[in-house]
Structure formats: C-alpha cells, structure tokens
Amino acid sequence: MIMLVGPVGAGKTSLIHALKHDCRKAAKTSSICFHDDTIDTPGEYAQMPRFYNALAVTATNADIVLMVQDATDLRITLPPGFAAMFPRPVVGVVTKIDAPGADQEKAKLRLRQAGIKEPFFCVSAYDGTGVAELTAYLTGKEV
Ligand SMILES: Nc1nc2c(ncn2[C@@H]2O[C@H](COP(=O)(O)OP(=O)(O)OP(=O)(O)O)[C@@H](O)[C@H]2O)c(=O)[nH]1
Ligand SMILES: [Mg+2]
C-alpha cells in the first residue's frame, strides 16, 4: 500500500493515475481516499498542521509514503523535517518535470529540507517520464 502526501495541486492524484496507466484527468481530492493499493490525500492535509495527526495515523495503513514535490511550485510549504512525522519510510518524488520552468534541482532541495533522503524520483504524469523507474522501485519494495 502506497500513500501519497504533498501540497495542494502538487500532482498526487495525477501520479496515481499514471502509475495505474489511467488516462483520466485528476479531479480535486477533497478527502483521504483509499483505493486498492494506494491512499490519496488532499493537499490541505500536508499544509495545515491540524491535519498532521490524521496523515500520520493514516500512514500506519501504508507500507511506504511518497512525498510529492511540484517542480514548478517551489514555495516552502512543508515544515523542516516533516518526513520524520511518518511511521513509515518516506520516498521523495518530483512531479511535473515536463512543465515549462520546472526546476528539478530546487525541487530536490525542498525534499531534502523536508527531511527526505535520496534517491528521489523525477516524473511527469503527462508524458510518463520516470514512471517506469518509480514503478520498478515500488515493485522491488513489494508495496
Ligand atoms: N505539466 C504537468 N501538469 C501536471 C502533472 N501532474 C499534474 N499536473 C497538473 O497539476 C494540477 C494538479 O494535479 P492533481 O493531480 O489534481 O494534484 P493533487 O496533488 O492531487 O492536488 P490535491 O488533490 O488538490 O491535493 C492539474 O491541473 C494537473 O493537470 C504533470 O506531470 N505535468
Ligand atoms: Mg488530488
């Protein structure tokens, strides 16, 4: 079971669709959603401290947490060391690398600031770049 966490509009739902080869356009996530092998979360939960407990408790249902960082929105939205709050391993994913103005290196810096260690995965849900690598990693971890 994989849980996705990250700010509003970071591309969590789109990434789930890309991992499942589902070409539907992502709609706004308004509550924590359990699917067969993924847990999708609303970005608001990662941006408002009063929801942090809900995220941490929900993560107990997951094997791994994917922390999603938008390569085009590099504002600091997560507190330093945010990843340490989770009772599961946290893996960093940079999204939207296809988009104009995407800055992968700065996005990786944001993930490090949130307390996540390399390796990071850089993906595009639009053109599929990096999705196979992430899938292979997750398959190897048997999540
Ligand atoms: N260019 C580009 N845009 C993307 C990509 N992934 C998502 N987007 C766009 O980013 C916006 C937000 O995507 P979502 O997948 O809904 O983001 P989210 O993290 O699930 O957002 P919340 O549900 O609000 O927390 C949408 O307009 C997507 O079309 C990508 O790989 N490349
Ligand atoms: Mg969503």
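So, here's what we can say about the structure. None of the values given here were measured: they were computed from a predicted structure.

1. Looking at the pairing of strand E1 (residues 2–5)
For a regular strand, side-chain orientation follows a simple rule: the groups alternate between the two sheet faces.
Okay, so step 1: Every second residue of E1 is oriented toward a common face, with Ile-2 and Leu-4 on one face and Met-3 and Val-5 on the other, all of them buried.
Okay, so step 2: Strand direction decides the pairing type here: E1 and strand E4 (residues 64–70), joined by four bridges, are parallel. Note on E4: the bridge partner recorded for Met-3 is Val-65.

2. Examining the nonpolar core
Okay, so step 1: In this structure, Met-3, Val-5, Leu-55, Met-67, Phe-82, Phe-86 and Ile-116 are the most contacted members of the largest nonpolar core, which totals 26 residues.
Okay, so step 2: Contributions of two or more residues to this core are made by E1, helix H2 (43–47), helix H3 (52–58), E4, strand E5 (90–95) and helix H4 (104–113).
Okay, so step 3: Look past the residues within four positions of Phe-86 in its chain and what remains in contact with it is Met-3, Val-5, Leu-55, Ala-56, Ala-59, Val-65 and Met-67.
Okay, so step 4: Residues Leu-19, Ile-64, Val-131 and Leu-138 belong to the second largest nonpolar core, which totals 17 residues.

3. Overview of the packing of aromatic side chains
Okay, so step 1: Applying the stated rule across the entire model yields four aromatic pairs.
Okay, so step 2: Ring geometry for Phe-82 versus Phe-86: centroids 5.5 Å apart, planes at 85 degrees, classification edge-to-face. Accessibility classification places Phe-82 together with Phe-86 in one group, the buried group.
Okay, so step 3: Three or more aromatic residues joined by ring pairs make a cluster, and in this case those are Tyr-52, Phe-82 and Phe-86.

4. Details of the coordination of the magnesium ion (ligand 2)
Okay, so step 1: Protein-derived coordination of the magnesium ion (ligand 2) comes from Thr-13 (OG1) and Thr-29 (OG1), at a distance range of 2.0 Å. Note that Thr-13 is positioned in helix H1 (residues 12–19) and Thr-29 in the loop between H1 and strand E2 (33–34), a separation of 16 residues in sequence. In terms of burial, Thr-13 and Thr-29 fall into one category: buried.

5. Here's the deal with the site of ligand 1
Okay, so step 1: Around ligand 1 sit 20 residues, and of these Lys-12, Ser-14, Lys-28, Asp-98 and Tyr-126 come closest.
Okay, so step 2: Ala-10 is positioned such that a nitrogen or oxygen atom in its backbone is 3.2 Å from an oxygen atom of ligand 1.
Okay, so step 3: Contact between ligand 1 and Ala-125: an oxygen atom at 2.7 Å from a main-chain N or O atom of the residue.
Okay, so step 4: Calculation on ligand 1 without its partners gives an accessible area of 660 Å², and the protein chains cover 85% of this total.
Okay, so step 5: Ranked by the residues each element gives to the shell around ligand 1, the list is headed by H1, at three residues.

6. Concerning the sheet that holds strand E6 (residues 121–122)
Okay, so step 1: Pairing is mixed across the open sheet formed by six strands, whose spatial order is E2-E3-E1-E4-E5-E6. In the strand order of this sheet, the two ends are held by E2 and E6, each with one partner.
Okay, so step 2: Each of E1, E4, E5 and E6 is contacted by helix H5 (residues 131–140), which is oriented at about 160 degrees to E4, the strand it contacts most.

Criteria and thresholds
- Numbering of residues starts from 1 in every chain and runs along the sequence as written.
- The lettering of chains begins at A and the numbering of ligands begins at 1, in the order of writing.
- Given that the model is predicted, a residue must reach a pLDDT of at least 70 before its local features are reported, and side-chain atom pairs must reach 80 or more before they are shown or counted; all residues, however, enter totals for whole chains, interfaces and linings.
- As a rule here, side-chain values cover all heavy atoms of the structure and leave hydrogens and water aside.
- Summary of the burial criterion: residues with accessible area below 20% of their type's maximum are buried, those above 50% are exposed, and those between are partly exposed, where the area comes from a 1.4 Å probe applied to protein chains only.
- Secondary structure is summarised from DSSP: a helix means a run of H or I of at least four residues, a strand means a run of E of at least two, and numbering begins at the N terminus for each.
- Pairs of strands are assigned from DSSP output, requiring at least two bridges between the strands.
- To qualify as a nonpolar core, a set must consist of buried Ala, Val, Leu, Ile, Met, Phe, Trp, Tyr and Cys residues joined through side-chain atoms within 4.5 Å.
- For this analysis, residues touch if any pair of their heavy atoms sits within 4.5 Å.
- To pair, rings of Phe, Tyr and Trp, with the six-membered ring standing in for Trp, must have centres within 6.5 Å; the planes then decide the type, stacked if under 30 degrees apart, edge-to-face if over 60, and tilted in the middle.
- Each metal site lists N, O and S donors within 2.8 Å (3.2 Å for Na, K and Ca). With water left out of the atoms, a site can look as if it is missing ligands.
- For this purpose, a residue is taken to be near a molecule or strand whenever a single non-hydrogen atom of the residue falls within 4 Å of it.
- Throughout this description, a polar contact denotes any pair of N or O atoms lying within 3.5 Å of each other; where both atoms belong to protein, one of them has to be capable of donating a hydrogen while the other can accept it, and for residues adjacent in sequence the pair is counted only when both atoms sit in side chains.
- Here, Shrake-Rupley sampling with a 1.4 Å probe gives the accessible areas, and only protein chains in the shown set may cover a residue.
- In this description, a line fitted to the C-alpha atoms serves as the axis of each element, helices being fitted only across the stretch in contact, and the angle between N-to-C directions of two axes falls anywhere from 0 to 180 degrees.

By themselves, these figures tell us nothing about what the structure is for.
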